[in-house]
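Summary of the model geometry
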Amino acid sequence: MAVVKKQIRNSRYYVGGVTNLTRNGFGVYVYPNSFFRYEGEWSKGEKHGHGKLLMKDGSYYEGEFVHGEIEGNGSRFWAKTGVSYSGQFSGGELHGCGVMQKGNGERYKGEFSYGLRDGNGFLLDKDGQTYEGSFHQNKRHGEGQMHYRNGDQYEGCWLLDQQQGHGVMRFGDGSVYEGQWRNNLFNGQGTMIHCSGIIYEGLWTNGRPLGGASKVVIEGGDVLEVFQETPFCVEVQLQTEAGEKATGENGRVLQISTAIRLCDLSPSTPASLLKMMEDIKETPIPTPFGFQVVSYPLMERAFGSQVFIDTAAPLAVAAVAAKSGSAQADSPLLPEWESGSGSDGPPLVGGTPSYLDGLFAGQEEDSTPPPANQRVEEGQVKFKNLLLAPPPHDFIPYQLMDELKRNIKKPSNRAPTDRLVLSQDKNSERRSSTGSCFTSNTKKSSIDSRSVRPGEYVIMVKDVTNPPFQGQTLSPAFALLRLFPAKTKSKNSQTDKTKSK
């Protein structure tokens, strides 16, 4: 029986198979509004089987139809947004497993529920970041792993697109945090191992350690009193904003150094002294005591050995004295730490620079002099066996102080001619001296210039952690160091000891 082709009423037109006045087989149907067009299989007047539904704006669906509905596997394209989808459908909606590609580069492969990402899936976002895990209503929800563009990786719990619950973040710089999260921030109990070596374990709030260090404090107050040639120690504590010891923090690197007060010059100061001040290459350091300082060498002594710390060149050991137990005036200077060696400075606790290997050979392991930089343990650190080193040759701050004293005009009863002769004699003495700024004999001048003078110095403790913990460096701590003349035993006490024997 021949197939009768007939246009169905209420449609613009239909071209295809008809059986018993119903569409059957393959046919093309254009809807009355002319926006939709269907090309495909029919059964009993319904779209059934494989077909393609086209829209006038260029969008389309191609795939399976069941009794007039989009059902089964198919492909969908939205011309306006450039979004495409290939996968399972139900009732005309994305439902089941499929792949969605957006025009901005975003791609999702996984489960859908009535048009939304729901279930397990893999998402590549427009920035190149990836997430693999659980989704709910288009949001990351449940357990999942996120790989960020900057190299960070997060694995843990999510709540409606935010990190919340327990999770582990491995940062691109090597730092690791494991603990509780809320609103994409560290909140609750957690532990961070920072790439600088700092370890903090405790409570966090809004991404910041609740019991973390906020300041460096030198124990014993703002003034320390010591004697010449007597080793001393400086104890340092890290404190929280509340003034409590930051016991939950370990590994922060602190550096100790000393400085000497820089003389204040008035406008009437002689040009020679102003020139001397200009010769100080170092930038003056402000202090909370109302004056500026420049670095003064500090050394550490342990079990008969003395190591000088060049405070003008942080992280470098500048010179080593002989192992006789006292500093030698003519100790040769060792080269500064080489910046091109691939290291930020000499090793910390437990080691010495490579060029010092063998210096302490034969000594016990625990007798190695401690370095200028030390790591904090349980919120505190102690710098032991410290001494002020002899000043460098031609130490300008000492010379400046001496010249200032010499330029103080004292009243004199001498006749003008006597004062003139005396002045000429002093000038002659200065010219005959081999570069010494002292007016006394050359031998005494040489001794004085290499001695640590009693007086006021400044101790400085800096946070030199690199890179800074959470991008912040703690402010340095300062203390006045009053150096008194060395303790000497009186003749009477010696005589009494002799008699007692």
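These remarks concern the structure in this document. All chains use their own residue numbering, which begins from 1 and follows the written sequence. Since the coordinates come from a predicted model, pLDDT governs what is reported: local features require at least 70, and pairs of side-chain atoms require 80 or more to be given and counted, while whole-chain, interface and lining totals use all residues. Only hydrogens and water are set aside; all other atoms, that is, all heavy atoms of the structure, feed into the side-chain values.

**Side note on the overall build of the chain**
Under the convention used in this document: Comment: elements are numbered from the N terminus, with helices defined as DSSP H or I runs of at least four residues and strands as E runs of at least two. Note on exposure labels: buried denotes an accessible area under 20% of the residue type's maximum, exposed denotes more than 50%, and partly exposed covers the range between, all computed with a 1.4 Å probe on protein chains only. When checking whether two residues touch, look at their non-hydrogen atoms; a contact exists if any pair is within 4.5 Å.
A tally of regular secondary structure across the chain gives five helices and 32 strands. Going through the 501 residues of the chain one by one, you find that 38% of them count as buried. For the chain, the share of sequence-separated contacts (at least 6 apart) that also reach a separation of at least 24 residues comes to 38%.

**Structural notes on the environment of Gly221**
Tracing the backbone through its elements, the reader meets Gly221 in the loop between strand S19 (215–218) and strand S20 (223–227). Note on Gly221: relative accessible area 35%, which makes it partly exposed. Spatially, the C-alpha atom of Gly221 lies 7.4 Å from that of Ala479, the residues being 258 residues apart in sequence.

**Re the pairing of strand S14 (residues 162–170)**
The condition is simple: In this description, strands pair whenever DSSP reports at least two bridges between them.
Direction of pairing for strand S13 (residues 153–159) relative to S14: antiparallel, over a ladder of six bridges. Along S14, the bridge assignment pairs Gln153 with Arg170. Counting the residues in the hairpin turn of S13 and S14 gives two residues, including Leu160, whose phi is positive at 50°. As judged from the six bridges shared by S14 and strand S15 (residues 176–182), these two strands associate in the antiparallel manner. By the bridge assignment for S15, Arg170 is matched with Val176. Hairpin remark: S14 followed by S15, antiparallel, with five residues in the connecting loop; positive phi at Gly174, about 105°.

**Observations concerning the nonpolar core**
Put simply, the rule reads: Nine residue types can take part in a nonpolar core, namely buried Ala, Val, Leu, Ile, Met, Phe, Trp, Tyr and Cys, and a core is a set of them joined through side-chain atoms within 4.5 Å.
Grouped together as the largest cluster of nonpolar side chains are 34 residues, with contacts concentrated most on Leu254 and Tyr457. When residues of this core are traced back to their parent elements, those giving at least two are S19, S20, strand S21 (232–239), strand S23 (253–261), strand S25 (292–296), strand S30 (380–388), strand S31 (455–463) and strand S32 (477–484). Counting residues in each nonpolar core, the second largest holds 31 residues, with Phe112, Met169, Trp181 and Met192 among its members.

**A closer look at unusual backbone geometry**
Of note, the bond from Asn466 into Pro467 is cis; its omega dihedral lies within 30 degrees of zero at -5°. For Pro467, the position within the fold is in the loop between S31 and S32. The backbone of Asp161 sits at a positive phi, close to 75°, despite the residue not being glycine. Counting through the fold element by element, Asp161 comes out in the loop between S13 and S14.

**Considering the environment of Leu474**
Relative to the elements of secondary structure, Leu474 occurs in the loop between S31 and S32. Residues Leu474 and Leu254, 220 residues apart in the sequence, show an inter-C-alpha distance of 9.9 Å. Once you skip the residues sitting within four places of it in the chain, Leu474 turns out to touch Ala213, Ser214, Lys215, Val216, Leu238, Arg252 and Asp463.

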